[in-house]
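# Coordinate analysis (summary)
Given next are the chains, with one letter for each unit.
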Amino acid sequence: MEERVYERILRATKREFYEQASIDPTVLPLLEKADREGVETAWHRYLKQQPQCGFGLLGVCCRNCNMGPCRIDPFGYGPDKGICGADADTIVARNLMRALAAGAAAHSDHARDIVEVFRGIVDGWAKDYKIADEQKLLGIARALGVKTDGKSIMEVAKEVVEIAEMEFGKPDNSPLRFLNAYAPERRKELWRKLGITPRAIDREVTEIMHRTHMGVDADPLNLIAQGLRAALADGWSGSMMATLFSDVMFGTPKPIKVWANLGVLREDSVNVMVHGHNPLLSMQIAEVAKDPEMVELAKSVGAEGINVVGMCCTGNEVLMRLGIPIAGNFLQQELAIITGALEAVIVDYQCIMPALVDVASCYHTKIITTEPKTKIPGAIHIEFDKANARESAKKILKVAVENFKNRVKERVFIPKEKMEAVVGFSVEAILSALGGSLEPLADALKSGKIKGIAGVVGCTNPKVRHDSSHVAITKELIANDILVVGTGCWAIAMSKHGFFKPEAAEMAGPGLREVCKALGIPPALHMGSCVDCSRMLIALAALADHLGVDISDLPAAGSAPEWYSEKAVSIGSYFVASGLLVHLGTIPQVLGSKRVVELLTKDAESLVGGKFFVETDPVKAARVMIEHIREKRRKLGWPE
């Protein structure tokens, strides 16, 4: 009897936890299905990790050498220095910089893969790729100072890719070419004075790893300065190249209607989910799925066709360019498998939970890794051959199709929920909506119809009720006439919750509503995947130049309400270094050092014009951003 009471209490506790896990209506029934079927998800594992390591949360544990690990007692009753003598300030700064370096490396290595295939177009070996947007390429060439008159598009492409390749490892101390081409002059001058102008992407990341080695840099300010340098290399070159060359090869996004959430899975089709961040394979998969040969193959196994859906930022890439529906954001990757309706998850890299293999082992789903740098024990590995991309995509897709016959119909549960959205607001698309000029946006800002601009970016995190902070902060900002733009998992959350429908303008304040209705756009705009935060940098730079001010003078702010990733550390840092106030909705692992906290949240502003602030309540965070924007408006002499 006691056991049954215990089980009942446990079930009630679980249900309460599941109800609080997410505001997305697809999550609760799938968590309960997972529970009935004995499957663990990130939420279950999060519970098992409680309480999380206090030293880790404060950032005061050092594992950088084998005299350790060492940890500092934050309460002053135990050791105040590691064996080498590093104190909490040094250890926290080193740990944070290593996280930033990992994030910058991830974005920039993504760019390296894109640039490599662009080189393949120029040299002729990447036969299944092409230059899809010649005007974009010519624009990049002109920005870089490459003469285009009288040259063929391939001659221009060759000169541009040679510059791009040198960005990763050029040997001299001159500024990065893409940063030099796209960043405003005032910013570049400030970075020169501060000595944080990045020289080469790989060099800045490597230098962080060197400085954080035992016996090198122990000064928190010096360490953080190098971190900002690496972050600038990521934002203004690495991520930017990933965005620009993807646009050139696959087309610059334009507004397109799409569907979002797990209801996009289909009972009558082979369901294939592309997941990760790089569009090189996923674009091929999406195209090949329409090939008559593959459709016939699907029909031969009893399906109506092949239904490709996206997840995370690979999902964003095919969503905004091809209208491929998106199944969800980071925390929904396991839930997609738990539907029992997924034949294969095809992954490239980043944000892919190793646990996918464990979840898939409970169903018929195949997990297919495709990149030499991303292998997961238990997954099927089929190396993606970029020189034979289409055939390689077919080979991978056939595994999914042939797996359809193994689906257990009795275990299939596809939530009905899905939402229509308009996505794909590249900088060019925004300019087009404005009539080809920034003037209407500048006028709306000056008059106060639009009070300011907020960039909200990626991630979901089981520490936060899934999607809730994304929704709450966006709702508060647009209600106060602040135009919200963003990327990554925030963008997917907005797609699922109706913020990307033009009708969402009704949730906006009167000024923003009027502008949105006149232009036929939603009050929150999808700008792409997480590397596409670089689109926001380009837009901010163009707006600052248009108004004759620095980026730090603009009525603008940034937020990462549910961040978890090291990439977000780099993204937040390059926005701060570019002059923005940046909100963090989950607490970074830095509270063990008062000095580092002061550098990030106070001193940074006097140096670069931007700083971080941490607030776990999204509505309070929005109000801080709104007040910051009001203050910027006052300084510009604009009405509040």
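All figures in this text were calculated on a predicted structure; none of them were measured in a lab.

Cut-off values and rules
Residues numbered from 1 in each chain as written. Predicted model: local features only at pLDDT ≥ 70, side-chain atom pairs only at ≥ 80, totals over all residues. Heavy atoms only, no water. Disulfide = S-S within 2.5 Å. Buried < 20%, exposed > 50% of the residue type's maximum accessible area, 1.4 Å probe, protein only. Pairing = 2+ DSSP bridges. Helix = DSSP H or I, 4+ residues; strand = E, 2+ residues; numbered from the N terminus. Axes fitted to C-alpha atoms, helices over the stretch in contact; angles between N-to-C directions. Contact = heavy atoms within 4.5 Å. 1 Å grid on protein atoms, 1.4 Å probe; cavity = no way out; pocket = protein on both sides within 12 Å on 5 of 7 lines; lining within 4 Å. Points joined across faces, edges and corners; volume = space filled by probe spheres on them. Core = buried A, V, L, I, M, F, W, Y, C linked by side-chain atoms within 4.5 Å. Salt bridge = Lys/Arg side-chain N within 4 Å of Asp/Glu carboxyl O. Right-handed = clockwise from strand over helix to strand, strands pointing away. Arc of directions from axis to C-beta. Nonpolar A, V, L, I, M, F, W, Y, C, P; charged D, E, K, R; others polar. Domains from an automatic or database assignment.

## Quick word on the state of the cysteines
Inspection of the entire model under this criterion finds zero disulfides. For C84, which is in no disulfide, the shortest distance to another cysteine sulfur is to C65 and amounts to 6.3 Å. Left without a disulfide partner, C533 is nearest to the cysteine sulfur of C530, which lies 6.7 Å away. A residue is classified by how much of its surface remains accessible, and C533, at 0% relative accessible area, is buried.

## Section: the sheet that holds strand β12 (residues 482-486)
Within the open sheet, the six strands sit side by side as β13-β12-β11-β14-β15-β16. Their pairing is parallel. Among the strands making up the open sheet, the edge pair consists of β13 (524-526) and β16 (611-614). Across this sheet, the average inter-strand angle for adjacent strands is 25°, counted without regard to direction. Sheet topology places strand β11 (residues 452-456) next to strand β14 (residues 556-560); four bridges connect them, and they run parallel. Across the sheet, I453 pairs through a bridge with A556, a residue of β14. Relative to β12, helix α21 (residues 488-496) is tilted by about 115°, and along the sheet it contacts β11, β12 and β13.

## Quick notes on the layout of surface pockets
Estimates place the volume of the largest pocket at around 1100 Å³. Taken together, the elements giving at least two residues each to the lining of the largest pocket come down to α3 (42-48), α4 (54-58), α5 (88-123) and α24 (566-577). Per-element tally for the lining of the largest pocket: the top contributor is α5, with four residues.

## Regarding the nonpolar core
The biggest cluster of nonpolar side chains holds 182 residues, and the ones touching the most others in it are F118, F178, W236, I306, L477 and F575. If we skip the residues at most four places from it in the chain, F575 touches C533, M536, L537, L540, L580 and V582. Judged by nonpolar contacts, the second largest core, of 41 residues, contains V309, M311, A355 and A360.

## Side note on the pattern of salt bridges
Enumeration over the complete set of coordinates arrives at 49 salt bridges. For E207, the salt bridge goes to R211, with nearest N and O atoms at 2.8 Å. Highlighted residues: E207 and R211, both in helix α10 (residues 201-211), separated by four residues, approximately one helical turn. Each member of the pair, E207 together with R211, is buried.

## Observations regarding the pairing of strand β15 (residues 581-584)
Burial along β15 is two-sided: the residues L581 and H583 and V582 and L584 are all buried. Sheet analysis places β14 next to β15, joined by four bridges and oriented parallel. Pairing of S559 across the sheet is with H583, part of β15. In this region the chain leaves β14, passes through α24 and returns to the parallel neighbour β15; the handedness of that crossover is right-handed. Relative to β16, β15 runs parallel, the two sharing four bridges. Considered in β16, the bridge of V582 is made with F612.

## What to know about helix α22 (residues 510-519)
By the burial criterion, the buried members of α22 are G511, L512, V515 and C516. For α22, the buried positions fall inside an angular range of 125° around the axis, keeping them on one side. Among the exposed residues of α22, those pointing more than 90 degrees away from its buried face are P510, K517 and A518. For α22, the elements touching its buried residues are α19 (439-447), α20 (468-479) and β12.

## Some words on the environment of A200
Its location among the elements puts A200 in the loop between α9 (185-194) and α10. As a C-alpha pair, A200 and S237 span 37 residues in sequence and 9.1 Å in three-dimensional space. Among residues more than four places away in sequence, those in contact with A200 are E167, F168, G169, K170 and L176.

## A look at empty space enclosed by the protein
Over the atoms rolls a probe the size of a water molecule, and its path tells where empty space is left. Here the structure, examined in full by the defined rule, presents four cavities of 30 Å³ or more. Considering only enclosed or pocket space, the largest cavity measures out at about 150 Å³ in volume. Looking at the lining of the largest cavity, the elements with two or more residues in it are α21 and α24. When residues in the lining of the largest cavity are grouped by element, the largest group, three residues, is from α24. Partitioned by chemical class, the residues of the lining of the largest cavity number 12 nonpolar, five polar and one charged. Of the residues that make up the lining of the largest cavity, three or more belong to each of domain 3 (262-411) and domain 4 (430-636). In this structure, the second largest cavity encloses a volume near 120 Å³. What lines the second largest cavity is a set of 15 residues, and nearest its centre among them are C62, C65, C70, I83 and C84.

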